[in-house]
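What follows is each chain in one-letter form.
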Amino acid sequence: MLDEKVGALLNVQINKELYSAYLYMSFANYFELKGLSGFSHWYDVQTQEERDHALLFRQYLLNNNWPITLESIDMPENTFPDTMTPLKAGLAHEEYVTSLIDTIYDAAAAAKDYRTMQFLDWFIKEQGEEEENARNLIDKMTLFGTDPKGLYLLDQEYATRLYAPPSLVL
């Protein structure tokens, strides 16, 4: 049986993950309209990842007989002054999501809910990767993004990103 606080936080995390998907979809839309379809594709893949994260939290709660309450999803920002702004917003958002996962982990630890802690271990590792990816996007844009040829090559690189669904066993 899930601790009341842990269950509530996990339920809220479904909404946060779906918001992440919306946010990244807004980035994909922005880049597509700027003619940067590779960047757009990169964020389309990110959108899929975030949606699947929401589904993993949902399934974990259902597996633990916890009722799901779906809340409204906030509208993300969808206008940006330049191509660097969504990249920096993406990093800030990933750091925020990391703090949310850490909060759930802390609550699970306080409740001695080792099963939930084990479930969250995958997300903790994933958040490290998400933050690293976001930093890499910023670093590469800083190095190459002001040069049209460099930006073109980055866009081509990001067009090759493949989606690999999570292999987390619940």
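Use the structure listed above.
Residues numbered from 1 in each chain as written. Predicted model: local features only at pLDDT ≥ 70, side-chain atom pairs only at ≥ 80, totals over all residues. Heavy atoms only, no water.

Located in the positive-phi region is Asn65, a residue other than glycine, with phi close to 55 degrees. You can see Asn65 is positioned in the loop between helix H2 (37–63) and helix H3 (84–110). Its relative accessible area of 69% is what places Asn65 among the exposed residues. Located in the positive-phi region is Lys112, a residue other than glycine, with phi close to 55 degrees. If you trace the backbone, Lys112 turns up in the loop between H3 and helix H4 (114–144). (Helix = DSSP H or I, 4+ residues; strand = E, 2+ residues; numbered from the N terminus. Buried < 20%, exposed > 50% of the residue type's maximum accessible area, 1.4 Å probe, protein only.)

Summed over the entire model, instances satisfying the criterion amount to six salt bridges. In this structure, the salt-bridge partner of Glu49 is Arg161, at a minimum N-O distance of 3.1 Å. Separated by 112 residues along the polypeptide, Glu49 in helix H2 and Arg161 in the segment after helix H5 (148–158) bring together distant segments of the chain. In this pair, the class of Glu49 matches that of Arg161, namely buried. (Salt bridge = Lys/Arg side-chain N within 4 Å of Asp/Glu carboxyl O.)

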